[in-house]
Structures are given as C-alpha cells and as structure tokens.
Amino acid sequence: MYLEIITPDKKVFAGEVDAAQFPGAKGSFEVLDLHAPLISTLEKGSVRITTKQGHEFFTVDGGVVEVLNNKIIVLAESVSA
C-alpha cells in the first residue's frame, strides 16, 4: 500500500508500507493491505509504519487520515520524527 504523510509545510513521508498504525480519536487502529475505505480524525500521538526495512515512527499533532483503494493519506497539523 502507498502512504503519504503531509503537513501544511511539506511532505514528510511518501512510499510503500506493509502496515500503518494511527492514534485515532477513539483509540489506536492499524491499516493493512486491502483495508476497507476509512476516514478518521487523529489525536496527538505516535504513527508507526512498517516497511520492508523495518519500523519508522512519527509523532503527529492531530489531523485526518483517509484510506481508499490501498492508498493512505495523512493530513497532519505537524509531524516530528
């Protein structure tokens, strides 16, 4: 699946991932390959992505995530690695 993490200032991450875990407004959730369409708000917290190289972590300060047709777009207020 393809993931993009974007802030108002820049694109923080773009690439293929095997899984992604997000701090949803009603609790943490994970997105895997062929996930059902989804739109959710994000709370401040850690985003964990799993790639072929391992895990990467980003801290988001809130935002929105959309999952559609094996593409994940995260629009975050701010992100720190």
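The rules behind these values
- For every chain, the first residue of the written sequence is number 1, and numbering continues from 1 onward in sequence order.
- Totals for whole chains, interfaces and linings use all residues, but because this is a predicted model, local features are given only for residues with pLDDT of at least 70 and pairs of side-chain atoms are given and counted only at 80 or more.
- Think of the side-chain values as coming from all heavy atoms in the structure, minus any hydrogens and water.
- A helix here means a DSSP run of H or I that spans at least four residues, while a strand means a run of E at least two residues long, and both kinds are numbered starting from the N terminus.
- The classification of residues rests on relative accessible area computed with a 1.4 Å probe and restricted to protein chains. Under 20% of the type maximum is buried, over 50% is exposed, and intermediate values are partly exposed.
- Residues with no salt bridge and a relative accessible area higher than 30% make up the patches, which join like charges within 9 Å and nonpolar side chains (Val, Leu, Ile, Met, Phe, Trp, Tyr) within 5 Å.
- Every accessible area reported is derived by Shrake-Rupley at a probe size of 1.4 Å, with residue values counting cover from the shown protein chains alone.
- Criterion for a salt bridge: a side-chain nitrogen of Lys or Arg within 4 Å of a carboxyl oxygen of Asp or Glu.
- Side-chain rings of Phe, Tyr and Trp, where Trp is taken by its six-membered ring, are said to pair if the distance between their centres is within 6.5 Å; with planes under 30 degrees apart they count as stacked, over 60 as edge-to-face, and otherwise as tilted.

Undergrad: Would you mind showing me how to read unusual backbone geometry here?
TA: Backbone phi values are negative for most residues with the exception of glycine, while trans is the configuration of most peptide bonds. Positive phi is not limited to glycine here, since Asn-69 has a value of about 50°. When you line up the elements, Asn-69 lands in the loop between strand E6 (54–68) and strand E7 (71–76). Residue Asn-70 is not a glycine yet carries a positive backbone phi of 65°. By the secondary structure assignment, Asn-70 is in the loop between E6 and E7. Given the relative accessible area of 23%, Asn-70 is considered partly exposed.

Undergrad: Which parts of the structure should I look at to understand the side chain of Thr-7?
TA: With respect to the secondary-structure elements, Thr-7 resides in the loop between strand E1 (2–6) and strand E2 (11–16). By relative accessible area, Thr-7 is classed as buried at 10%.

Undergrad: Got a minute to help me understand a nonpolar patch on the surface in this structure?
TA: Taken together, the side chains of Ile-39, Val-64 and Leu-75 define a hydrophobic patch exposed on the protein surface, amounting to about 280 Å² of accessible area. Judged by relative accessible area, which is 64%, Ile-39 ranks as exposed.

Undergrad: How should the packing of aromatic side chains be read in this particular structure?
TA: Each aromatic ring pair is summarised here by two numbers: the centre-to-centre distance and the angle between the ring planes. Going through the model one piece at a time under the given rule, you end up with two aromatic pairs. The interplanar angle of 40° and the centroid separation of 5.6 Å between the aromatic rings of Phe-22 and Phe-29 together place this pair among those described as tilted. Classification of Phe-22 by relative accessible area gives buried; the value is 0%. By relative accessible area, which is 19% here, Phe-29 ends up buried.

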